[in-house]
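Listed here are the chains, written in short residue letters.
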Protein chains: 6
Amino acid sequence: MQLHLQTWPAIEHYLRDNRTVIMPIGSTEQHGPNGLLGTDAITAEAVARGVGEATGTLVAPVIAVGMAQHHLAFPGSMALRPGTLIAVIRDCVESLALHGFERFFFINGHGGNVASTTAAFSEIYAAASFGGGAGTRLRCTLRNWYETPGVAALSRELYGEQEGSHATPSEVALTWYLHPDRAMPMNLDPPVAPRGSFTDAADLRRNFPDGRIGSNPGLATIEHGKRIYDAAVHDLSRELRRWTCPSS
Amino acid sequence: MQLHLQTWPAIEHYLRDNRTVIMPIGSTEQHGPNGLLGTDAITAEAVARGVGEATGTLVAPVIAVGMAQHHLAFPGSMALRPGTLIAVIRDCVESLALHGFERFFFINGHGGNVASTTAAFSEIYAAASFGGGAGTRLRCTLRNWYETPGVAALSRELYGEQEGSHATPSEVALTWYLHPDRAMPMNLDPPVAPRGSFTDAADLRRNFPDGRIGSNPGLATIEHGKRIYDAAVHDLSRELRRWTCPSS
Amino acid sequence: MQLHLQTWPAIEHYLRDNRTVIMPIGSTEQHGPNGLLGTDAITAEAVARGVGEATGTLVAPVIAVGMAQHHLAFPGSMALRPGTLIAVIRDCVESLALHGFERFFFINGHGGNVASTTAAFSEIYAAASFGGGAGTRLRCTLRNWYETPGVAALSRELYGEQEGSHATPSEVALTWYLHPDRAMPMNLDPPVAPRGSFTDAADLRRNFPDGRIGSNPGLATIEHGKRIYDAAVHDLSRELRRWTCPSS
Amino acid sequence: MQLHLQTWPAIEHYLRDNRTVIMPIGSTEQHGPNGLLGTDAITAEAVARGVGEATGTLVAPVIAVGMAQHHLAFPGSMALRPGTLIAVIRDCVESLALHGFERFFFINGHGGNVASTTAAFSEIYAAASFGGGAGTRLRCTLRNWYETPGVAALSRELYGEQEGSHATPSEVALTWYLHPDRAMPMNLDPPVAPRGSFTDAADLRRNFPDGRIGSNPGLATIEHGKRIYDAAVHDLSRELRRWTCPSS
Amino acid sequence: MQLHLQTWPAIEHYLRDNRTVIMPIGSTEQHGPNGLLGTDAITAEAVARGVGEATGTLVAPVIAVGMAQHHLAFPGSMALRPGTLIAVIRDCVESLALHGFERFFFINGHGGNVASTTAAFSEIYAAASFGGGAGTRLRCTLRNWYETPGVAALSRELYGEQEGSHATPSEVALTWYLHPDRAMPMNLDPPVAPRGSFTDAADLRRNFPDGRIGSNPGLATIEHGKRIYDAAVHDLSRELRRWTCPSS
Amino acid sequence: MQLHLQTWPAIEHYLRDNRTVIMPIGSTEQHGPNGLLGTDAITAEAVARGVGEATGTLVAPVIAVGMAQHHLAFPGSMALRPGTLIAVIRDCVESLALHGFERFFFINGHGGNVASTTAAFSEIYAAASFGGGAGTRLRCTLRNWYETPGVAALSRELYGEQEGSHATPSEVALTWYLHPDRAMPMNLDPPVAPRGSFTDAADLRRNFPDGRIGSNPGLATIEHGKRIYDAAVHDLSRELRRWTCPSS
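Predicted model, so just to flag it, every value in this text is computed and none were measured.

**Q** Tell me about the overall build of chain A, and please be specific about residues and values.
**A** Secondary structure summary: chain A contains 8 helices and 4 strands in total. Helices and strands appear in chain A in the N-to-C order α-β-α-β-α-β-α-β-α-α-α-α. Dimensions of chain A, computed from C-alpha atoms along their principal axes, come out at roughly 55 × 35 × 30 Å. Counting the 248 residues in chain A, one finds 66% classified as buried. Taking all contacts inside chain A whose residues are at least 6 apart in sequence as the whole, residues at least 24 apart take part in 76%. Total accessible area computed for chain A in this model is approximately 8200 Å², and 51% of it derives from carbon and sulfur atoms. A gap of 5 Å separates the mean positions of the 20 positive and 24 negative side-chain charges of chain A.

Take a look at the structure:
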């Protein structure tokens, strides 16, 4: 159940029984020679829809551009500054809170979003804390689809050390499963990209010339993508149920 | 050619010949009893893709949540504060400008975005103006798909006075053409909503109880939607060509 | 009745019967070879005073520096960034709202202010909308004195195509009527400035070397200025009355 | 020589010999039962013009609304938040600096502006300091016209202890000299208002019910106003000359 | 070597050989019935000094108030909003970067700081990334002293499950070691506090009535504190050396 | 009684009888060839503790980095931009206000903090003023320890004209009294530094090459420092008592 495909009376009806909304958040940034710029948004949105269907939970529109300053030296990458992303998340959450939504389950596809999103949650809570009184009923949580137990096990099994940390075969495979016409199997050179850390965009491009970090997305297949998708949806559906009904 | 479905080398290649990118911008807000919350984002994105195909121009991801504070009293409506939207647009434009993009053609689906988007352009230019010197090569422009000559003529022909100004049959029809499974033909009561102006969310809901303003979306049909889509894509493709090649 | 020439008890008295205040807003920016830097502020303030007298409405101090980043390459031009102007308007409106003012009728002399002023109104309303509840009683509206029906007809009659869009004979004439000692009749070369659009300050100066855009202010006369003043005051007085008493 | 009554070529000409501009800054706030709301702006602007004439220095438009949060419980008072005023001053100074102005001599009419204006100067300098390198040539200074030696001596002589600290006979007298038609001689009750400090608007109104603080503006006369004006212009003209030509 | 106890020529001398500075960051917030409000700042600062001595690295002044909005319902707790903390970190890092410091090793005593500090690093890098070009030489990293391998092993050994997550015996013990006169051994009721998550201040106080979360600080001793201190300094000194000399 | 060495129940107990808290604020900036970078923070904190002991008043943690943009060209100097410092002060005051603190007595060690701190107080009050209604009970005041009558008399007696205005013998002596191991008696060349004003960091360094302004800290002795400390504590204790109990 996607919010943007509903009417407002349908949302009013939904809120009689359910105060939870899934908030997919991704990024639009380079994903190596054969990964799509939209990888993190595409995957977060698709997994969110799957979890929404599995659990009967509403899914908000994806936040498609995230905190990706470190990728800006590669054409097509887009980024919100941390302060901008914090404001976006605050405004989106506060909007839906006006209608009675209380629980915001963010499904995230991009590691670079974690700090800003968590800081945004704190800004939302801080507004209540500095107000004194009874506080807010809102609860926000963030899960990275690529780190659930099932996905982690699968990526270890399928790719081992070649999973890496950016433009990973896992996320590339999942994207290809979702957009098979965009699959670009490719022998990469070197097969496994260098590992390491980075600071700003120039630093990342200098050290990771094709954009990959420690990964070999040449291993990705559409069939892998389906297994990864299923694992992510399965795990996050269970986590969503636990989070919203702690006692069940 | 959608940016999020490309790799970064493909964008690098694109930039050899073309410095223009289409930026669709919409909103996620109530659209009356039978219009979708995502109407403005869905329509802006679809028209942008159509224009992108017709003109060979890259299309960035849609900005799906806009400046819609006035709709916040209806469940499911989401809004960015003007200052937040300005920051989002600035960050997105500045990101792509780093790679060589120079012309940003915003295709807009929501009247409430116009002032903030225009102010964002001024913030971008002001950064150059206050810097002194040779200034920026960036050029930004905004077009509302629902106000092109062809679309205006069509909506007059099809709906006359019943077009109204919010949750219009034009935009509802276009949405249904794009998502026929979400079409909800409905006899509305009253058929034509009251007209008028509004200030904040409470004011709008008080005066426009089902969310429509001056419109009768009960007139919308999928077939109308196709004609409106074609007119919007045709007109905006011509405008894009003129804007990028003034002399042609 | 100008606010800055009243005492606070006089304003308290005024508020017993009237909740409306006129807010003149202009700019301090180049207006070509013979137009004054203060043109937009001088004209907005004078028209506002005229409307205030005609309608018995209080007039606030003029906002004399506006959003004029595009003129900053000409000496003497001053500009507020859009975000600054939005904050100024918000603070001024919120100040007067504390005392019971509810209707803010902005009379504007500068096209560059429109987007930021409209965005400021949305920020004011958004504060109420995000607060939930009964919302705000405030209503803000903006009118450009140079675009009322009477002024438009006059400028067509007097100048036709030579009116242009910046440093127009209309505004120059009005300024000279108000400051006859500053009238500077002049044969300009070329008589009519080039037309076109602009982005930042360097771009504007490059394309419009003497600051005029499409206009021939050499046609301005003091007598024209009086007619334009009368038309603007007449039209805006009627609009103010309609806006504050919709039924009358 | 007032900036807003000049053309841009006149400013270009001025800048060949002179890099200094006078920036009047005031406030629009209650000034007791018979003082005008615009007192601080009117006086700052008039003294600035006088100093401008005496020294051949350009005078920018007055900043008419200042940091006056403490007066907001009296009708007609307007205030910019400190952060807003800081942004206004920064934008105005940075605008004129683009054209070659280097020295900004603020003539201030309102004690509440001092901290925010000084902080604004620091923001301007900090932008240069955090940039490293050779730094900025800009120099800003602030003078309160009501505290020059000559004005202080006059107010002691004329009013002694009854000068007080807000809605003083000095500033009221000066305003009446400038606007004799707005003079409102009045016997006040009590003749001298209570003294003391204040925090926010409610606190000020509670402790100073008619808005005056420690003053007896019933002593003001138009003739006093002329003497005060002359003293202020004389003293500040000398200070301006010293500040711009330290060795003379 | 503490920065605040040096002269500027001493820092200039230091910079000839060393571009690293340790930045301790803590918090001032409730730490249960017998933990000090300054626990997180005291411990971060002390560990930082120890690491500074062990490695010959300069130590900046501690950031003593952090992002602790969730503790604000307990008297004495202080918090910076996330946006404020981000600005503080940015300004401090940018200050020292002007002098040639390139590596900023943050030693953190408070989990609530992690997201905002990480977001601040991204703001610093983003300023470089959006600037294009060669980017920044700055590198920032954050380590929580309470999570080093040695400290984690010790706390498991000493407290097992009773370590908890706030007002832990580890941090209380370390504080007592540093301030033995402030040691307050106490039998707590219940001995082990409830576990769980929290959102804003009211929520935390409701669920954790004495401020502890999952911990039994009644187990803390001064002798434990010394062992914890030694482990933290040992581990972080090694990490600092590795971070600054990756190849060694 | 230092806040950071208390537990929250101790603060709760304190608040039964006392609503005042001392807020020390300093700076971390160059203090000439033999003055410590931490001079202003060290002195403000020590004097605050002394006043706290003498009057039984709680002392908050020192704000150790202040508004010192003008010192940034000397290694080791740190600065918060004015806007950042304003936010820090606002957050700290608002935090403690939640618990019932009403009176904030800032003891300041750095002239550069005065404007930003005063502006911060106005921001805090403005939040109440713009809220309308009964306003805030908070009261904030700022005292510079180096300007009390007793300290001023002592510095005149001990140093006369050689006190200067930055890196003064007074503050250096006080620092050495507090950190006798950091005393660095030194014959300076020239003995007395040049006087003058400054704007940004480059300007200050250019005109004051060793960082001193008008001072001869070569005159400082530890014994002087004790006398200065005693005078500051004595004077500010009396001022604090008067401020909190105006009638006593």
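**Q** Could you give an account of the sheet that holds strand 2 (residues 58-59) of chain B, with specific residues and numbers?
**A** All names here are of chain B. Here we have 4 strands laid out as an open sheet, ordered 2-1-3-4, and parallel in their pairing. Whereas interior strands pair on both sides, the edge strands pair on one side only; in this sheet they are strand 2 and strand 4 (139-144). Relative to strand 3 (residues 103-108), strand 1 (residues 20-25) runs parallel, the two being bridged by 6 bridges. Within strand 3, the residue paired with I25 across the bridge is N108.

**Q** Requested: an account of unusual backbone geometry, with residues and values cited.
**A** Residue D189 of chain A is joined to P190 of chain A through a cis peptide bond whose omega torsion reads 0°. Among the secondary structure elements, P190 of chain A is positioned in the loop between helix 6 (169-178) and helix 7 (201-207).

**Q** Break down the relation of the copies chain D and chain F for me, citing the residues and quoting the values.
**A** The transform that puts chain D on chain F rotates by 180° and translates by 0.0 Å along the axis, for an RMSD of 0.0 Å. Here the two chains are linked by the operation of a two-fold rotation axis. If distances are taken from each C-alpha of chain D to the rotation axis, the shortest is found for A115 of chain D, at 2.2 Å. Looking at the interface residues of chain D, 100% of them are also at the interface in chain F, so both copies use one shared face.

**Q** Requested: an account of the side chain of T20 of chain F, with residues and values cited.
**A** Residues and elements named next belong to chain F. Its place among the elements puts T20 in strand 1 (residues 20-25). For T20, a relative accessible area of 5% puts it in the buried group. If near-sequence neighbours (up to four positions away) are discounted, T20 is found in contact with Y14, T57, L58, F101, R103, L240 and T244.

**Q** Describe the interface of chain D and chain F, listing the residues and the values that go with them.
**A** Contacts between the two partners involve 33 residues from chain D, matched on the other side by 33 residues from chain F. When chain D packs against chain F, close to 2500 Å² is buried across both sides, 60% of that on carbon and sulfur atoms. Taken together, the connections running from chain D to chain F amount to 2 salt bridges. Residue R139 of chain F pairs with D203 of chain D through a salt bridge whose shortest N-O separation is 3.8 Å. Counting the contacts that link chain D with chain F gives 12 residue pairs in polar contact (both at pLDDT 80 or more). Ranked by the residues each element gives to the side of chain D that touches chain F, the list is headed by helix 4 (residues 114-130) of chain D, at 11 residues.

**Q** Tell me about the relation of the copies chain A and chain B, residues and numbers included.
**A** Related by rotation about an axis and a shift along that axis, the two copies of the chain form a pair. Note on the identical chains: chain A maps onto chain B by a rotation of 180° and an axial translation of 0.0 Å, with an RMSD of 0.0 Å. The residues that chain A uses at the interface reappear at the interface of chain B in 100% of cases, marking a shared surface.

**Q** So what about helix 5 (residues 149-159) of chain C? Which residues, and what values?
**A** All names here are of chain C. When helix 5 is considered as a whole, its buried residues turn out to be V151, L154, S155 and Y159. Take helix 5 and look down its axis: the buried residues cluster within an arc of 95°, on one side only. Structural note: helix 5 exposes P149, R156 and E157 on the side pointing more than 90 degrees away from its buried face. Buried-residue contacts for helix 5 involve helix 6 (169-178) and helix 8 (222-244). In the stretch just after helix 5, G160 is the one whose phi turns positive, near 55°.

**Q** Give me the packing of aromatic side chains: which residues, what numbers.
**A** Where two aromatic rings form a pair, the distance of their centres and the angle of their planes describe that pair. All names here are of chain D. If you walk through the whole model with that rule in mind, you get 36 aromatic pairs over all chains. Judged by centre distance (5.6 Å) and plane angle (50°), the rings of Y177 and Y229 are tilted. Residue Y177 is found in helix 6 (residues 169-178), and its partner Y229 is found in helix 8 (residues 222-244); the two are separated by 52 residues along the sequence. Given the relative accessible area of 16%, Y229 is considered buried.

**Q** So what's going on with the pattern of salt bridges? Residues and values would help.
**A** Counted under the stated rule, the structure contains 78 salt bridges over all chains. E161 of chain C serves as the salt-bridge partner of R195 of chain C, at 3.6 Å between the closest nitrogen and oxygen. Placement of the pair is R195 of chain C in the loop between helix 6 and helix 7 (201-207) and E161 of chain C in the loop between helix 5 and helix 6, with a sequence separation of 34 residues. A salt bridge links R49 of chain F to E45 of chain F, with the shortest nitrogen-to-oxygen separation between them at 3.0 Å. On the criterion of helical spacing, the pair formed by R49 of chain F and E45 of chain F is a turn pair, its members being 4 residues apart in helix 2 (residues 39-55). Take R49 of chain F: its relative accessible area is 28%, and that puts it in the partly exposed class. Taking relative accessible area as the criterion, E45 of chain F reaches 24% and is therefore assigned partly exposed. The network of salt bridges with common partners includes R81 of chain A together with R90, D91 and E94 of chain B.

**Q** A description of empty space enclosed by the protein should follow, citing residues and the corresponding values.
**A** In total, this model carries 3 cavities of 30 Å³ or more according to the counting rule given. If you add up the space inside the largest cavity, you get close to 220 Å³. Lining the largest cavity are 16 residues, and of these I63 and A64 of chain C together with V62, I63 and A64 of chain D sit closest to its centre. Broken down by secondary-structure element, the contributors of at least two residues to the lining of the largest cavity are helix 3 (82-97) of chain C together with helix 3 (82-97) of chain D.

**Q** Describe the interface of chain A and chain B, naming the residues involved and giving the relevant values.
**A** Each side of the interface is counted separately: chain A has 50 residues, and chain B has 50 residues. Both sides together, the interface formed by chain A and chain B hides about 3900 Å², and carbon and sulfur atoms give 66% of it. At the junction of chain A with chain B, the criterion picks out 4 salt bridges. Close ionic contact of D91 of chain A with R81 of chain B constitutes a salt bridge, the shortest N to O distance being 2.5 Å. At the boundary of chain A with chain B, the tally comes to 24 residue pairs in polar contact (both at pLDDT 80 or more). When contributions to the side of chain A that touches chain B are tallied by element, the ones reaching two or more residues are helix 1 (8-14) and helix 3 (82-97) of chain A. For the side of chain A that touches chain B, the element with the most residues is helix 3 of chain A, which contributes 9 residues. Looking at the side of chain A that touches chain B residue by residue, the class counts come to 27 nonpolar, 15 polar and 8 charged.

Criteria and thresholds
Residues numbered from 1 in each chain as written. Chains lettered and ligands numbered in written order. Predicted model: local features only at pLDDT ≥ 70, side-chain atom pairs only at ≥ 80, totals over all residues. Heavy atoms only, no water. Helix = DSSP H or I, 4+ residues; strand = E, 2+ residues; numbered from the N terminus. Buried < 20%, exposed > 50% of the residue type's maximum accessible area, 1.4 Å probe, protein only. Contact = heavy atoms within 4.5 Å. Areas by Shrake-Rupley, 256 points an atom, 1.4 Å probe, with all protein chains shown as cover. Lys, Arg positive; Asp, Glu negative; His and termini not counted. Charge placed at Lys NZ, Arg CZ, Asp CG, Glu CD. Pairing = 2+ DSSP bridges. Least-squares fit on C-alpha atoms with pLDDT ≥ 70 in both. Buried area = accessible area lost by both parts, 1.4 Å probe. Salt bridge = Lys/Arg side-chain N within 4 Å of Asp/Glu carboxyl O. Polar contact = N/O pair within 3.5 Å; in protein donor to acceptor, adjacent residues only side chain to side chain. Arc of directions from axis to C-beta. Phe/Tyr/Trp six-rings, centres within 6.5 Å; stacked < 30°, edge-to-face > 60°. 1 Å grid on protein atoms, 1.4 Å probe; cavity = no way out; pocket = protein on both sides within 12 Å on 5 of 7 lines; lining within 4 Å. Points joined across faces, edges and corners; volume = space filled by probe spheres on them. Nonpolar A, V, L, I, M, F, W, Y, C, P; charged D, E, K, R; others polar.

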